[in-house]
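# Examination of the molecular architecture
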Amino acid sequence: MSSGGGRPPSPGRPGGPGDRGRDGRRASGSGSHPGRADGPGRPRRPDEAGRPRDADTEPGGPRKGRPADDQRRRDDGASGRSREGDARFRDGRPRDDARAAGGRPGDGPSRGRDAAGRPARPDDRSSRAGEKPLRPGDRPLRSADKPLRAGDRPLRPGEKPVRPPRPGERPLRGREGDGPPRRGPGGGPGGPPRRPVPPPRPAVLRLGNPRRRINIALMAMAVVLSLFAGRLVQLQGLNSKTFQAKAAEQRVRPEVLPAKRGSILDVNGNELAVTADAREIYLDPKEVKPEQRDLIATKLSGELGKPKDGIAAKLAQVEKRYLVVAKDVDPLVARKIMGMGFRGVGSKPTYRRLYPGGTLAGGLVGFVGDDGFGLEGLEQAYNKTLAGKDGQQSIEMGRAGERIPMTRSTRVAPVPGRDLRLTIDRYIQWAAYEAIAKQVKAVGARSGSVIVMDVTTGQILAMANAPEVDLRDWQATSAEDRGNKAATDVFEPGSTNKVITAAAALEAGVVAPSTIFTVPDNIQCADKVLRDAHPHKTEQMTFAQILEESSNVGTIMAGTKITDQRLHNMFTAFGFGSKSGGGIPAEEAGLLPDWQKWSGSQRCTIMYGQGISVTALQMASVYQTIANGGVRLTPSIVAGTTDEKGHLVPPAPPKQTRVISELTARQLGGMLEKAVTGADGTGAAAAIDGYRVAGKTGTAMRYDTKCGGYCGYTATFVGFTPADAPRLMALAVIQDPKKDHYGGTIAAPVFQEVMTFALKTKKIPPTGSTSLLR
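All values reported here derive from a predicted model rather than from experimental measurement. (Residues numbered from 1 in each chain as written. Predicted model: local features only at pLDDT ≥ 70, side-chain atom pairs only at ≥ 80, totals over all residues. Heavy atoms only, no water.)

### Focus: the overall build of the protein chain
- Regarding its fold elements, the protein chain presents 21 helices and 27 strands.
- Relative to its full complement of 774 residues, the protein chain shows a buried share of 45%.
- Of the roughly 39,700 Å² that the protein chain leaves accessible, carbon and sulfur atoms contribute 53%. (Helix = DSSP H or I, 4+ residues; strand = E, 2+ residues; numbered from the N terminus. Buried < 20%, exposed > 50% of the residue type's maximum accessible area, 1.4 Å probe, protein only. Areas by Shrake-Rupley, 256 points an atom, 1.4 Å probe, with all protein chains shown as cover.)

Here it is as structure tokens:
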């Protein structure tokens, strides 16, 4: 084995182990030392750190240099750690700790000198590559700092202590394994080693400046909070009303509180139409369980009388929340349905319209629709007065439809409608309907009407039609039969119109009741020949007899004594060609051609009631005027309305118009009485025992739009009683009778029956006087 593997130290430079070599790198400092074997092949055993040991090494004995030790020393130098090995070892011999650390005098070689006696460089320990000088407070490692453990050996001369690995640090190994150390150029182990390569440092997460992170976080929070604040300002400031309205629409549910409709009463306070409590049954299909739909449809169909299929179809509409099944349900029936406990079936308080009389004054009273508004008759004409004003209630409801307790609610109470009191007498109305309905059926007529009026007041006591609409089931009646035909149907009055021609002639003074006319059974009028209803020989007749026998020819002869304009003015004064003004629902004005447009023959036919059209109400007003001494009173049907306290408020007095003189009216009354009681009178069937009756029959050809001409007849009788002190007047008209068609035979009996009943009901006694005209 070579005596040394290192290069001799240069003059003037400190030598020995640890000095820099020629290439600027430190020598390994490991040369041949006494007692060190360099030969390979000696067995090794691992130490406690997992490194192999020499097999012949005894605990506490000298350690042999290994490449791992060199690598460890190189690692220590590269990592900048201070090693005191260079100071402790000189010339292959260890120095004591104090001298290695530059110790005190007397502890070995001179203080501050190396083993050769040369002064040591102050930075000798820090001049090696990669090593850091000792800092204040550091002390070099000493062999005595760490006691020997089992299996360890003592340091050999020139050998540095090995620092055990720190926690988390991997054990130091030689770069090329644990084999023998590299030899120098002379074959020794002291040749220049390879430059140590430091192990890769672990990746370290470098944290930024905490103040900058805080500032960035604060800025981000400020941006987010500003966005929230802006949205809050938008919701609660700019768009607050919009969202409040939407929220109220979803939460607050308005509910209409229907007003109770006013009643329609007769003149004595008897109910013709009344409002009663009722219930509305509705469905919420979304709340109904699918397995209960069939059961609910079956139960409701049986209780309400509605088709089961229709109810089942509504239950299937699960997207809807409110579907009405039935209205006007009796409260007892509704209570029974609600007692079944079906979820999704509800009951709502409402009102229903009842008509106790059924067909009694049906066309006059009218009816209301499903929405509670009047559709016909007085219900429609006085709907505003009867309906009142609905109230409203707003309550806050939950999602399931329940009312939220302790929440605000607004309620505007409904204003009930006012009662309407008519001039109709229920009993006289019933008698009139019974009489006309029976006669219409007996003669096979299309329709018929009866009107009864109070002569002195112009109030209508009865206005009946046949057929009449049944108000309890008005849908079952055809639309043409639902109205009040007494005021809506127009017809040619026929001979009942002769009293107007007579009044015009009497008022003009050209004739008197006793004026005699030579009357044939026909007369030429322009291009037409007009005839009487019955053929007769030419005979002498007074003007009273002409009216008594209802001669068309005699009436034309008397009417030609006045001008067309004067005759037209008389028609107008009696109310022809215009509505009566009494507020009768759906009243027609009739047809009165302008006198300047009359044709040659029309001038004559109008005199006996052909070529002119009127309503039953207009003709009744004519006879009321005559019976009232020539003063026309506007017909009225309303006796008054009730106020808020239920007191009756009568309407304004009817308009009074003098049409003819009292003398003319009295003369006409006597002439009309002869038409009933005279030997040749056409109205004998209208006579009433014990009473003086004045009246006139009428038979006219009926113009029908369906046939486009005159088809059938209109039979009429109108009169008043007592003739000498008139109190009541009545009119009966029958349209298109099939069995007989004369007014004296089919209309006069109806008058007689109705008037007799009315006289008894009003307790009007006979006058006991006799007629002045014989």
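### Comments concerning the environment of Pro254
- Locating Pro254 in the fold gives a position in strand β5 (residues 252-257).
- With near-sequence residues (within four places) excluded, Pro254 lies in contact with Gln392, Gln393 and Ser394. (Contact = heavy atoms within 4.5 Å.)

### Thoughts on the sheet that holds strand β10 (residues 391-396)
- Strand order across the open sheet formed by three strands is β5-β10-β11, with antiparallel pairing between neighbours. Two strands in the sheet have a free side with no partner beyond their single neighbour: β5 and β11 (410-412). Mean inter-strand twist for the sheet, computed between neighbouring axes without regard to direction, equals 20°.
- As paired elements, β10 and β11 share three bridges and run antiparallel to each other. Opposite Ser394, over in β11, you have Thr410 as the bridge partner. (Pairing = 2+ DSSP bridges. Axes fitted to C-alpha atoms, helices over the stretch in contact; angles between N-to-C directions.)

### A short note on helix α19 (residues 616-627)
- End to end, α19 covers 17 Å across 12 residues, agreeing with the expected 16 Å (1.5 Å per residue, within 8%).
- Counting buried positions along α19 gives 12 out of 12 residues, so the element sits mostly inside the fold.
- Just downstream of α19, Gly629 is the residue with a positive phi angle, here 80°. (Expected span 1.5 Å × (residues − 1).)

### Observations concerning the side chain of Lys696
- Examined against the element boundaries, Lys696 turns out to sit in strand β25 (residues 694-704).
- Side-chain polar atoms of Lys696 contact the side chain of Ser550, separated by 2.8 Å.
- If we ignore the near neighbours within four places in the chain, the residues touching Lys696 are Ser495, Thr496, Lys498, Leu547, Ser550, Tyr623, Leu672, Thr682, Thr716, Phe717 and Val718. (Polar contact = N/O pair within 3.5 Å; in protein donor to acceptor, adjacent residues only side chain to side chain.)

### A short note on the nonpolar core
- In this structure, Ile451, Ile460, Phe543, Phe574, Phe576, Val622 and Ile660 are the most contacted members of the largest nonpolar core, which totals 85 residues.
- Among the elements that take part in this core, α19 stands out by supplying eight residues, more than any other.
- Those residues in contact with Ile451, other than ones at most four positions away along the chain, are Ile460, Ala462, Met463, Ala486, Ala616, Leu617, Ala620, Met729, Ala730 and Leu731.
- Residues Ala435, Leu461, Ile734 and Ala748 belong to the second largest nonpolar core, which totals 35 residues. (Core = buried A, V, L, I, M, F, W, Y, C linked by side-chain atoms within 4.5 Å.)

### Observations concerning the packing of helix α6 (residues 293-304) against helix α8 (residues 331-338)
- Viewed as axis vectors pointing N to C, α6 and α8 meet at an angle of 165°, and their least axial separation amounts to 11 Å. Comparing their axes, α8 and α6 come out roughly antiparallel. In this structure, α6 meets α8 at a crossing whose hand is right-handed. Two secondary-structure elements touch here, α6 through Leu300, Glu303 and Leu304 and α8 through Val333, Lys336 and Ile337.
- Of the residues contributing to the contact of α6 with α8, the split by class is four nonpolar, no polar and two charged. (Parallel < 35°, antiparallel > 145°, perpendicular 65-115°, else oblique. Left-handed = near helix turned anticlockwise from the far one by under 90°. Nonpolar A, V, L, I, M, F, W, Y, C, P; charged D, E, K, R; others polar.)

### A closer look at the sheet that holds strand β14 (residues 460-466)
- Spatially, the five strands line up as an open sheet ordered β14-β13-β27-β26-β25, and their pairing is antiparallel. A strand with exactly one partner marks an edge of an open sheet, and here the two such strands are β14 and β25. This sheet shows a mean twist of 10° between the axes of neighbouring strands, independent of strand direction.
- As judged from the six bridges shared by strand β13 (residues 447-454) and β14, these two strands associate in the antiparallel manner. Across the sheet, residue Ile451 finds its bridge partner in β14, namely Met463.
- Running over the sheet, helix α21 (residues 743-761) touches β13, β25, β26 (709-721) and β27 (728-735) and is turned about 35° from β26.

### Examining the confidence of the model for the protein chain
- For the protein chain, the average pLDDT comes to 79, and 71% of its residues sit at 70 or higher.
- Taken together, the stretch residues 141-145 has pLDDT below 50 and engages in 12 contacts with residues farther than four places along the chain or on a different chain.
- Overall, residues 174-179 carries pLDDT values under 50, and its contacts beyond four positions in sequence, including any with other chains, amount to 15 contacts. (pLDDT = per-residue confidence, 0-100.)

### Observations concerning the packing of aromatic side chains
- The full count for this structure, using the stated rule, is six aromatic pairs.
- On the basis of an interplanar angle of 25° and a centroid distance of 4.7 Å, the ring pair of Tyr282 and Tyr322 is categorised as stacked. Here Tyr282 is found in strand β7 (residues 271-283), whereas its partner Tyr322 is found in the loop between α7 (308-315) and β8 (323-329), with 40 residues between them in sequence.
- Taking relative accessible area as the criterion, Tyr322 reaches 39% and is therefore assigned partly exposed.
- A ring pair is formed by Phe367 and Trp474, whose centres lie 4.3 Å apart and whose planes are at 10°; its orientation type is stacked. With Phe367 in the loop between α9 (362-365) and α10 (377-381) and Trp474 in the loop between β14 and α13 (485-488), this residue pair connects regions lying 107 residues apart in the sequence. This pair shows no difference in class: Phe367 is buried, exactly as Trp474 is. (Phe/Tyr/Trp six-rings, centres within 6.5 Å; stacked < 30°, edge-to-face > 60°.)

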